[in-house]
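Structural features, examined
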Amino acid sequence: MIFSFDLLINAVVSGILIGAFYAAVTAGMSLSFGILDIVNIAHPAFIILGSYIAYIVNVTFGLDPIITSIIVLPAFYALGAGIYQVYYVSFEKRGQESLRGLAFFFGLLFITEVTLVLYFGVDYRYVDAPYIGPTWHPGDLDIPLRILVPCLVSLLLIAVLQLILSRSFIGRAIMAVAQDQLALRLLAVDPIRIKRIAFGISIATASLAGAFLIIIQPVEPSVGREYIGRVFAICVLGGMGSLPGTVIAAMLIGVVESLTATFYGPSWAPAVSFGFLLLTLAVRPAGLLGR
Amino acid sequence: MRSDLFAVLCVVVGGAVFAAVLALGNDYYFFAGYVVLQYVVLSTAWNILGGYCGYVNFGSAAFFALGAYATVAMHRLDPMPIPVVVILGGVVSGVVGFGMGYLTLRLRGAFFAIATLALAVVLQTLIVNWGYVGGSRGAYVVRPETIAPFGSYIRYLFLIMMLLAVGAVTAARAVERSRLGYGFATIRDDELAAEASGVPTLRLKLIATTISGALMGMAGAPFPYYIGFLQPSSAFGLDYTVNSIAMPLIGGTTSWVGPLIGAVLLGSLQQVATVTISSAVNLLIVGFLLVGFVIVAPNGIIGLARTYIQHRPVEELGRRRLDVDAHGSAPGSTS
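Residues numbered from 1 in each chain as written. Chains lettered and ligands numbered in written order. Predicted model: local features only at pLDDT ≥ 70, side-chain atom pairs only at ≥ 80, totals over all residues.

Looking at the overall build of chain B
Of regular secondary structure, chain B possesses 16 helices and four strands. Radius of gyration (C-alpha) of chain B: 20 Å, near the 20 Å computed for a compact globule of 335 residues. With the C-alpha coordinates of chain B rotated into their principal frame, the extents come out at 65 × 50 × 40 Å. Put simply, chain B has 335 residues, and 50% of those count as buried. (Helix = DSSP H or I, 4+ residues; strand = E, 2+ residues; numbered from the N terminus. Rg over C-alpha atoms; globule rule 2.2 N^0.38 Å. Buried ≥ 20, exposed ≤ 12 C-beta atoms within 10 Å, placed from the backbone.)

Below you can see the structure in the form of structure tokens.
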């Protein structure tokens, strides 16, 4: 293969853009897995659910997917809070989260996927929006707007999340719940309530990430599974619960995947994130910006 | 009861089931029964690591598929009798299980679960890109119509799967009652305390991943002959993973009886539902049963039965105290 500089630059740029989207996908996981220690492997399933809601609304009313996802944000928040309540009562309280809690989330993942298959079949679905299609050409680069727009909104989402976590009282309480529940109690804050809010926010981000996903690529119910490995790899690499770390790790994985897809073929790309995950676990379990 | 006596009993029961299915006089029952038995092996294998040690394996389908693809590779090279490929499939999956465990078991339990999930994706990627075994197009494995002295080939396959199921259940029961099984139980109940008391936890966990992986590979090895046409998407199907987790959890994870009950009940239910309703709906049923059981009856059918008989709640095994201080420690550390 003739080495092409253009190809390389384009792969790196699209990797960074996709990486920003991966960061949005992982942000919810960083919150639930990284901070709350809840191994929510069903997270990608909720993202696919978000994609399908954006799809339905887009097809029936022609509404923009991102606007739709912002409208259904409260519903996803409520769903997340509800799921956490069930999880807390059935598993965390009994101290059984390790085995049965995992099986619980796996069951949720499976139910969501099979239900979507039953209703929509396994056909790929896609949405319509003005920014899907055109490409921006600064210099030699090709930047499709369908990737650029989700990328920018993703970065905005993460900035907002980071602000909430570091500035607001609830956000600080969420950071604290990971470190010392007893101290929170002494401040007359109910750690369970804080965790419920945090998990609600985590699932709410899935609504946005779902809209981004269906803008970037056509979606079918089992697409979510590809994201499980990727999301955990980014989460661990980013240092479990550190949002800036998540962004850096997501872009790193985005670039490496994009390079792999460009130079070795797209069918090898899924192996990249797993390689990263194993390497990180073996070499530096605390991640890039570990706490 | 001693293990060898139990094995003899299992063989007798297995033989009786085979004779009963034969008496039904319809080969369809062999096809259906094969799948149920395959799930007995898979869920028993999963339970050795998941139920006894408390480590969740989300990669059952990957180990199963590895066994199946080992057969396809052998079939392309030089077709061999099925007992040989079963052993081969077991060796391949056992080695992968060992490697997998070696890489990830030093870490907290959740990371192992995630790594197994990712392993499934990566192995599928490798198989899809490996042209020799058919790649994404799939591979045909033509089974002979008949085989002496069994008549139709499916009876032979059924018998092999029956032997595997008997072997798996006997092995699980033997493990459960040996030093090994007690070691596993200490890991499940409190790994730190076990480590501190001198239990060689890493070695035990590696033994568990190897046995569990090998059994899953063995269950997968005859599969290409059963299905006739093997595709990565069918061999790595999510239904194997979810079933091998759901069946032990629904049956009860602390004893060999649990996965057996779960697999026979759920497996038969699915066979009936596939014929009468649809295959997608029956997977949905499994999903709801899994979630329902882990919430309402954490000790599965065995737990329910025991409570009913003894009128007192079963002591919650695998219980871990939620330590407020320990909760905040950096996740991912080996500690």
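Considering the overall build of chain A
Check the secondary structure of chain A and you find twelve helices and two strands. Shown N-terminal to C-terminal, the secondary structure of chain A runs as helices and strands in the order α-α-α-α-α-β-β-α-α-α-α-α-α-α. In terms of C-alpha radius of gyration, chain A reaches 19 Å, essentially the compact-globule figure of 19 Å for 291 residues. Dimensions of chain A, computed from C-alpha atoms along their principal axes, come out at roughly 65 × 45 × 35 Å. The proportion of buried residues among the 291 residues of chain A is 55%. Pairs at least 24 residues apart make up 78% of the contacts formed inside chain A by residues separated by at least 6 positions. (Contact = placed C-beta atoms within 7 Å.)

Brief notes about helix H1 (residues 5-35) of chain A
Remark: the principal bend of H1(A), roughly 35°, maps to A:Met29. One or two positions beyond H1(A), positive phi appears at A:Asp37, with a value near 70°. (Bend = angle between axes of the 7 residues up to and from the residue.)

Observations concerning unusual backbone geometry
All names here are of chain A. Despite not being glycine, Asp37 has its phi angle at roughly 70°, a positive value. Mapped onto the fold, Asp37 is located in the loop between H1 and helix H2 (43-61). Residue Ala188 is not a glycine yet carries a positive backbone phi of 65°. With respect to the element layout, Ala188 can be found in the loop between helix H8 (181-186) and helix H9 (191-216).

With respect to the environment of A:Ala24
Residue and element names in this part refer to chain A. You can see Ala24 is positioned in helix H1. Judged by local crowding, Ala24 falls into the buried class, with 29 C-beta atoms found within 10 Å. Residues contacting Ala24, with those up to four places away along its chain left out, are Ser154, Leu157, Ile158, Thr205, Leu208, Ala209 and Phe212.

Here we look at the confidence of the model for chain B
All names here are of chain B. Confidence in the prediction for chain B averages 83 pLDDT; 91% of positions are at 70 or higher. Under a pLDDT of 50 for its full length, residues 316-335 has, in the predicted model, 39 contacts with residues more than four places off or in other chains. Per the prediction output, this complex has pTM 0.84; the corresponding ipTM is 0.82. (pLDDT = per-residue confidence, 0-100.)

Here's the deal with the nonpolar core
Grouped together as the largest cluster of nonpolar side chains are 202 residues, with contacts concentrated most on B:Val41, B:Ala65 and B:Leu290. Sequence-distant contacts of B:Leu290, that is, excluding residues within four places in its chain, are made with A:Ala103, A:Gly107, B:Val242, B:Ile245, B:Ala246, B:Leu249 and B:Ile250. (Core = buried A, V, L, I, M, F, W, Y, C linked by C-beta atoms within 7 Å.)

Some thoughts on the packing of helix H3 (residues 60-77) of chain B against helix H9 (residues 201-220) of chain B
Packed helices, taken two at a time, are described by the angle between their axes plus the distance between the axes. All names here are of chain B. For the pair H3 and H9, interaxial distance at closest approach is 6 Å and the crossing angle is 55°. The pairing of H3 with H9 is recorded here as oblique in orientation. Considering how the two elements wind past one another, H3 and H9 form a crossing that is right-handed. On the side of H3, the interface is formed by Ser60, Phe63, Phe64, Ala65, Leu66, Gly67 and Ala68, while H9 contributes Gly213, Met216, Gly217, Met218, Ala219 and Gly220. Considering only residue class, the contact of H3 with H9 consists of eight nonpolar, five polar and no charged. (Axes fitted to C-alpha atoms, helices over the stretch in contact; angles between N-to-C directions. Parallel < 35°, antiparallel > 145°, perpendicular 65-115°, else oblique. Left-handed = near helix turned anticlockwise from the far one by under 90°. Nonpolar A, V, L, I, M, F, W, Y, C, P; charged D, E, K, R; others polar.)

Section: the environment of A:Gly80
All names here are of chain A. As for its placement among the helices and strands, Gly80 is situated in helix H4 (residues 73-92). Owing to 27 C-beta atoms within 10 Å, Gly80 belongs among the buried residues under this scheme. Residues Gly80 and Ala206, 126 residues apart in the sequence, show an inter-C-alpha distance of 9.9 Å.

What to know about the packing of helix H7 (residues 179-189) of chain B against H9(B)
Residue and element names in this part refer to chain B. At a minimum axis separation of 10 Å, H7 and H9 run at an interaxial angle of 110°. With respect to each other, H7 and H9 are oriented roughly perpendicular. The crossing of H7 and H9 is left-handed. Side by side, H7 and H9 meet where Leu180, Gly183, Phe184 and Ile187 of the first sit next to Thr201, Leu204, Lys205, Ile207 and Ala208 of the second. Taken together, the residues that form the contact of H7 with H9 break down as six nonpolar, two polar and one charged.

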